[in-house]
Amino acid sequence: MKRIIAAFAVAIGTLATASAVAGPSNIKVEHVWARATPKGAVTAAAYATLVDGGTSDDRLLGASSPLAEKIRFHSMTDDKGIMKMDELPAIDLHPGVPVVLKPGGIHMMIVGLRQQLKEGQSLPLTLTFEKAGSVATTALVGKVGAMVEPGNHASSGD
């Protein structure tokens, strides 16, 4: 019985330490995915839904991955039938208002890929927020040219 209590105490201590190191974050990063890339591609796109669960605004300032040189934020707009992509310095978040990064809209442009992204793999990402700090997440890699998150068959035609 003493062994069980000791093991439980160690487990609780480990969890308390882990959450103290990670720090509190009111940011939820959900539905994180990326498109697979053809062989030799050096860029890719990643998407997510960001929700600020706090009481004040925050900003997504940057993102990184060990599989890329850098990650930039872009916004796609339709200018009289011509799609234009503009770089964004940051992405503003307001409490309770989801920001959806998606194909044809705001997205993360992954530049300088160090390896091909293949369907079914995972892409580690770290998102850096002005107030919430760093949030580690993982993007599931979907099909080349996918328009919806892997596993979402609602509008994919599967």
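Residues numbered from 1 in each chain as written. Predicted model: local features only at pLDDT ≥ 70, side-chain atom pairs only at ≥ 80, totals over all residues. Heavy atoms only, no water.

Draft legend 1. Region of the structure containing the overall build of the protein. Scanning the protein from N- to C-terminus turns up one helix and ten strands. Ordered by position from the N terminus, the helices and strands of the protein form the series α-β-β-β-β-β-β-β-β-β-β. Taken over 158 residues, the protein has a buried fraction of 35%. Across the protein, the fraction of contacts at a sequence separation of at least 24, relative to all contacts at a separation of at least 6, is 65%. On the protein, roughly 9,400 Å² of surface is accessible, and the fraction owed to carbon and sulfur atoms is 58%. (Helix = DSSP H or I, 4+ residues; strand = E, 2+ residues; numbered from the N terminus. Buried < 20%, exposed > 50% of the residue type's maximum accessible area, 1.4 Å probe, protein only. Contact = heavy atoms within 4.5 Å. Areas by Shrake-Rupley, 256 points an atom, 1.4 Å probe, with all protein chains shown as cover.)

Draft legend 2. Representation of the pairing of strand β5 (residues 82-88). As paired strands, strand β4 (residues 70-79) and β5 are joined by seven bridges and run antiparallel to one another. Within β5, the position partnered with methionine 76 by the bridge is methionine 85. Counted between consecutive antiparallel strands, the loop separating β4 from β5 contains two residues, among which lysine 80 sits at a positive phi close to 55°. (Pairing = 2+ DSSP bridges.)

Draft legend 3. Summary view of the packing of aromatic side chains. For the structure on display, the rule yields one aromatic pair. Seen in terms of ring centroids, tryptophan 33 and tyrosine 47 are 4.6 Å apart; in terms of plane orientation they differ by 40°. Their pairing is tilted. Of this pair, tryptophan 33 sits in strand β1 (residues 27-35) while tyrosine 47 sits in strand β2 (residues 43-52), and the two are 14 residues apart along the sequence. You can call tryptophan 33 buried: its relative accessible area is 5%. Judged by its relative accessible area of 2%, tyrosine 47 is buried. (Phe/Tyr/Trp six-rings, centres within 6.5 Å; stacked < 30°, edge-to-face > 60°.)

Draft legend 4. Spotlight on the pairing of strand β9 (residues 122-129). Of the two faces of β9, only one is covered, namely that formed by Leu123, Leu125, Leu127 and Phe129; the face formed by Ser122, Pro124, Thr126 and Thr128 stays uncovered. Summarising the sheet, strand β3 (residues 58-64) and β9 pair through four bridges and their orientation is antiparallel. Bridged to glycine 62 within β9 is threonine 128. One ladder, built from eight bridges, connects β9 with strand β10 (residues 133-142); its direction is antiparallel.

Draft legend 5. Looking closely at the nonpolar core. Ranked by size, the top nonpolar core spans 31 residues in total, and within it Val29, Leu50, Met108, Ile110, Leu123, Leu127 and Phe129 carry the most contacts. When residues no more than four places from it in sequence are discounted, the contact partners of valine 29 are Ala48, Thr49, Leu50, Leu127, Phe129, Val135 and Thr137. (Core = buried A, V, L, I, M, F, W, Y, C linked by side-chain atoms within 4.5 Å.)

Draft legend 6. Highlighting the side chain of threonine 37. Position of threonine 37 among the secondary structure elements: in the loop between β1 and β2. With residues up to four places along the chain from it excluded, the contact list for threonine 37 reads Thr43, Ala44, Leu113, Gln116, Leu117 and Val144.

Draft legend 7. Broad picture of the confidence of the model for the protein. For the protein, the mean per-residue pLDDT works out to 85, and 81% of the residues sit at or above 70. For the stretch residues 1-23, pLDDT sits under 50, and the model shows zero contacts to residues farther than four places along the chain or on other chains. (pLDDT = per-residue confidence, 0-100.)

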